[in-house]
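Each chain, written out:
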Amino acid sequence: MWQKDNDMEALTIRLSELMDNTSLVRSGENLYDAIVGHITRQEPVKIDMADVPALPTVFMNPVFGRLILQHGKRNVASLLTFSNIMRSQLTRFKDYFNSFDN
């Protein structure tokens with residue numbers, strides 16, 4: 001589920017494994033717990049979106065909303081990268097991040 005990416009020294013999270021058999025809210029909390037230390041230390045995080053069908057707000061708020069409020073939108077966005085992401089998911093992330101002022 002979690003592994004270091006040798007190219008960027010980024011933590012890589014396979015989101016589908018983290019979300020397996022877990023509520024969306026708890027999945028968001030689990031992702032937050034897994035990456036908050038890296039974001040705090042200004043370390044990059046890669047999120048692998050393979051096999052993730054949707055990104056509802058109930059999932060995004062406990063992880064991305066919380067990180068944005070704590071660390072700022074630009075800072076969080078600069079540390080996150082995504083792999084295997086669909087265009088619709090990328091649009092969803094952009095819209096979500098743009099809904100924050102900071």
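A brief report on the enclosed structure follows. (Residues numbered from 1 in each chain as written. Predicted model: local features only at pLDDT ≥ 70, side-chain atom pairs only at ≥ 80, totals over all residues. Heavy atoms only, no water.)

Let's talk about the overall build of the protein
Per the secondary structure count, the protein includes five helices and four strands. Going residue by residue from the N terminus, the α and β elements of the protein occur as β-β-α-α-β-α-α-β-α. Here the protein has a C-alpha radius of gyration of 12 Å; the compact-globule value for 102 residues is 13 Å, and the two agree. Referenced to the eigenvectors of the C-alpha coordinate spread, the extents of the protein come out at roughly 30 × 30 × 25 Å. Sequence-distant contacts, at least 24 apart, represent 74% of the contacts inside the protein between residues at least 6 apart. (Helix = DSSP H or I, 4+ residues; strand = E, 2+ residues; numbered from the N terminus. Rg over C-alpha atoms; globule rule 2.2 N^0.38 Å. Contact = heavy atoms within 4.5 Å.)

Quick look at helix α3 (residues 57-71)
The principal kink in α3, of about 30°, is found at Val63. Of the residues making up α3, those classed as buried are Phe59, Met60, Pro62, Val63, Phe64, Gly65, Leu67 and Ile68. For α3, the elements touching its buried residues are α1 (15-19), α2 (24-40), β3 (45-48), α4 (73-79), β4 (80-83) and α5 (87-98). Note on α3: the residue one or two positions beyond its end, Gly72, has a positive phi of about 90°. (Bend = angle between axes of the 7 residues up to and from the residue. Buried < 20%, exposed > 50% of the residue type's maximum accessible area, 1.4 Å probe, protein only.)

Structural notes on the pairing of β3
Relative to β3, strand β2 (residues 10-14) is paired through four bridges, and the arrangement is parallel. Within β3, the position partnered with Ile13 by the bridge is Ile47. Two strands pair when backbone bridges link them, and β3 and β4 are joined in this way by four bridges, in the parallel orientation. Across the sheet, the residue bridging to Lys46 is Thr81, located in β4. (Pairing = 2+ DSSP bridges.)

Quick look at the nonpolar core
Core analysis: the biggest nonpolar cluster contains 29 residues, and Leu15, Leu31, Ile35, Phe59, Phe64 and Leu80 have the highest contact counts within it. Mapped onto this core, the elements with two or more residues apiece are β2, α1, α2, β3, α3, α4 and α5. Leu80 has contacts with Ile35, Ile39, Val45, Ile47, Phe64 and Phe97, leaving out every residue within four places of it along the chain. (Core = buried A, V, L, I, M, F, W, Y, C linked by side-chain atoms within 4.5 Å.)

So, the packing of α2 against α3
To describe two helices that pack against each other, one gives the angle between their axes and the distance between the axes. Closest axis-to-axis distance for the α2/α3 pair is 6 Å, and the angle between their directions is 25°. One element, α2, and the other, α3, form an angle in the roughly parallel class. The element α2 and its partner α3 pack so that their crossing is right-handed. In this structure, α2 uses Leu24, Val25, Ser27, Gly28, Glu29, Leu31, Tyr32, Ile35, Val36, Ile39 and Thr40 to contact α3, whose residues at the interface are Val58, Phe59, Pro62, Val63, Phe64, Arg66, Leu67, Gln70 and His71. Taken together, the residues that form the contact of α2 with α3 break down as 13 nonpolar, five polar and two charged. (Axes fitted to C-alpha atoms, helices over the stretch in contact; angles between N-to-C directions. Parallel < 35°, antiparallel > 145°, perpendicular 65-115°, else oblique. Left-handed = near helix turned anticlockwise from the far one by under 90°. Nonpolar A, V, L, I, M, F, W, Y, C, P; charged D, E, K, R; others polar.)

What is shown is where atoms sit, not what they do.
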